[in-house]
Amino acid sequence: MSDNVIDGLKTILRLRRRDLDRCEREVAQARAQVAAAQAQEDAATHACSRALSTCEQAVAQQAKQPCDPLVRLHAHATQARAEAARQLRAQARATLEEARQLADQLKREWLRAQARHDAILGELERAMRQWKRQIARRAEDDVPPMPKVALA
């Protein structure tokens, strides 16, 4: 192998390393987004359960006092809040699922980048070994044989 080939492989290796570092940062960001989306989904689920509980209480109160317009208005308002909370929870779940899919995709990309980096590293190591063998062979070829001393 020539020095130019080895230098080219070193350049490619540096570029692969930079690509690998970028992928690692993206995966870390995606994991943070998943954690934030999970927290948002948990909060939305909790808010939805509270809204549903309030709605059930309002409906029960409406069943006890069906003619009271304020009770009926309160029941409709709590039902509207419960529906809004359900929609918010559904949106949070969709966001969480999207964040998980993105994180999975970025992780696969990171693994491919790792494989490319390892392949180039292996190729560079092989080229360096071959280059060292060539240098050693040239050194052996350049060394003149030891003269034989004739003993009389």
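Coordinates for the structure precede this section.
Quick look at the structure, then.

Parameters at a glance
- Residues numbered from 1 in each chain as written.
- Predicted model: local features only at pLDDT ≥ 70, side-chain atom pairs only at ≥ 80, totals over all residues.
- Heavy atoms only, no water.
- Salt bridge = Lys/Arg side-chain N within 4 Å of Asp/Glu carboxyl O.
- Helix = DSSP H or I, 4+ residues; strand = E, 2+ residues; numbered from the N terminus.
- Buried < 20%, exposed > 50% of the residue type's maximum accessible area, 1.4 Å probe, protein only.
- Patch = residues over 30% accessible without salt bridge, like charges linked within 9 Å, V, L, I, M, F, W, Y side chains within 5 Å.
- Areas by Shrake-Rupley, 256 points an atom, 1.4 Å probe, with all protein chains shown as cover.
- Lys, Arg positive; Asp, Glu negative; His and termini not counted.
- Charge placed at Lys NZ, Arg CZ, Asp CG, Glu CD.

1. Considering the pattern of salt bridges
Okay, so step 1: Counted under the stated rule, the structure contains eight salt bridges.
Okay, so step 2: Measuring nitrogen to oxygen at the nearest pair gives 3.4 Å for the salt bridge that ties R22 to E109. A residue pair is termed long-range when its members are at least 10 positions apart, and R22 in helix α1 (residues 3-64) and E109 in helix α2 (residues 69-142) qualify at 87 residues.
Okay, so step 3: Judged by its relative accessible area of 22%, E109 falls in the partly exposed class.
Okay, so step 4: With a closest N to O distance of 2.5 Å, R126 and E123 form a salt bridge. With R126 and E123 both in helix α2 and three residues apart, this pair spans about one turn of that helix.
Okay, so step 5: By relative accessible area, which is 30% here, E123 ends up partly exposed.

2. Digging into a positive patch on the surface
Okay, so step 1: A contiguous patch of positive charge on the surface is contributed by R129, R133, R137 and R138.
Okay, so step 2: In this fold, R133 is placed in helix α2.

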